[in-house]
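Working through the structure, step by step
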Amino acid sequence: PRSCGKCPKPSLSPTHNNNPTMKPTTNKKPSISLKPTPKPSASPCEDDAGYRFENKAKKTCQFLAQRNSCNKLDKARGNKPIFTFCPRSCGKCPKPSLSPTHNNNPTMKPTTNKKPSISLKPTPKPSASPCEDDAGYRFENKAKKTCQFLAQRNSCNKLDKARGNKPIFTFCPRSCGKC
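Here's what I pulled together on the structure shown here. (Residues numbered from 1 in each chain as written. Predicted model: local features only at pLDDT ≥ 70, side-chain atom pairs only at ≥ 80, totals over all residues. Heavy atoms only, no water.)

1. Remarks on the overall build of the protein
The cut-off we apply is this: Working definition: helices are DSSP H or I runs of at least four residues, strands are E runs of at least two. Numbering for both runs from the N terminus. Under the scheme applied here, a residue whose accessible area is under 20% of the maximum for its type counts as buried, over 50% as exposed, and between as partly exposed, the area being computed with a 1.4 Å probe on protein chains only. Working rule for contacts: check all heavy atoms of both residues, and any pair within 4.5 Å makes them a contact. For the area figures, the Shrake-Rupley method with a 1.4 Å probe applies, and any residue is considered shielded solely by the protein chains shown.
Broken down by element type, the protein carries two helices and four strands. Reading the secondary structure of the protein in the N-to-C direction produces α-β-β-α-β-β. Counting across all 179 residues of the protein, residues that qualify as buried make up 21%. If you take every contact in the protein between residues at least 6 apart in sequence, the share linking residues at least 24 apart comes to 43%. Carbon and sulfur atoms form 54% of the exposed surface of the protein, whose accessible area is close to 15900 Å².

Quick look at the structure:
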């Protein structure tokens, strides 16, 4: 909204009115918070969406991973390797452990994490067909480059550098006729 500059600026501390009214305030406009909301914690293995090497727009995590630049140091960011900003694209995501991890500093409150745990016991029936395409797979993170799209273009043997140089058919076995 535009301002004429004649309204008083909000103060950082609350103001007190020594002459209260008998009627409650009916102003339904939302109040402005001066404290920022906490930043949501990122997944431990997500690329920094805003990261650009040398602040160049085209040098995204995906771009750098495709050019095998993940171990290159970013001087502008404390000489840290690019994979510290682009763990997913660079294939540096930690693999889940099949054995339990132990914490020598237990808390007094129980864990409320409701995520399913990995079971070492086999299930009586397979939960999914072993020959299904990865529904979320997109080559080069391009929306149109789905398994079906790639199979129609005979690209199944092409290597996906962003995914550990694995052939596309490992992500798209059904579309690539590997079932």
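2. Side note on the state of the cysteines
Test applied: The disulfide criterion is simple: two cysteine sulfur atoms within 2.5 Å.
Under the definition given, this model contains six disulfides. Across a sulfur-sulfur distance of 1.6 Å, Cys45 and Cys93 are joined as a disulfide pair. Taking the sign of the S-S torsion, -90° for the link of Cys45 and Cys93, the bridge is left-handed. Taken together, the residues span a long stretch of sequence, with Cys45 in the segment before helix 1 (61-66) and Cys93 in the loop between strand 2 (80-81) and helix 2 (147-152) at a distance of 48 residues. Among the residues examined, Cys45 registers a relative accessible area of 9% and is labelled buried. Put simply, Cys156 and Cys176 are joined by a disulfide, and their sulfur atoms are 2.0 Å apart. Where Cys156 bonds to Cys176 through sulfur, the torsion about that S-S bond is close to -85°, and the disulfide is left-handed. Residue Cys156 is found in the loop between helix 2 and strand 3 (159-160), and its partner Cys176 is found in the segment after strand 4 (166-167); the two are separated by 20 residues along the sequence.

3. A short note on the layout of surface pockets
Counted only if it meets this: Residues are said to line a cavity or pocket when one of their atoms sits within 4 Å of a point; the points come from a 1 Å grid over protein atoms alone, cavities being sets where a 1.4 Å probe fits but cannot get out and pockets being open sets with protein on both sides within 12 Å along at least five of seven lines. Grid points are joined across faces, edges and corners, and a volume is the space filled by probe spheres set on the points. When residues are sorted by character, Ala, Val, Leu, Ile, Met, Phe, Trp, Tyr, Cys and Pro go into the nonpolar class, Asp, Glu, Lys and Arg into the charged class, and all the rest, Gly among them, into the polar class.
Looking at the largest pocket, its volume works out to about 460 Å³. As for the largest pocket, its lining consists of 19 residues, of which Arg88, Gly91, Ala162, Arg163 and Gly164 are closest to the centre. Grouping the constituent residues of the lining of the largest pocket by class yields six nonpolar, five polar and eight charged.

4. Things to note about the pattern of salt bridges
Spelled out, the test is: A pair is scored as a salt bridge if a Lys or Arg side-chain nitrogen falls within 4 Å of a carboxyl oxygen belonging to Asp or Glu.
Per the counting criterion, the structure on display carries eight salt bridges. Salt-bridge contacts for Arg88 lead to Glu46; the nearest nitrogen and oxygen are separated by 2.6 Å. Of this pair, Arg88 sits in the loop between strand 2 and helix 2 while Glu46 is found in the segment before helix 1, placing the two residues 42 residues apart along the sequence. Using a relative accessible area of 48% as the deciding quantity, one classes Arg88 as partly exposed. Looking at Glu46, the relative accessible area reads 38%, which means it is partly exposed. The salt bridge involving Glu140 is made with Lys145; its shortest N-O contact spans 2.8 Å.

Geometry only, nothing functional implied.
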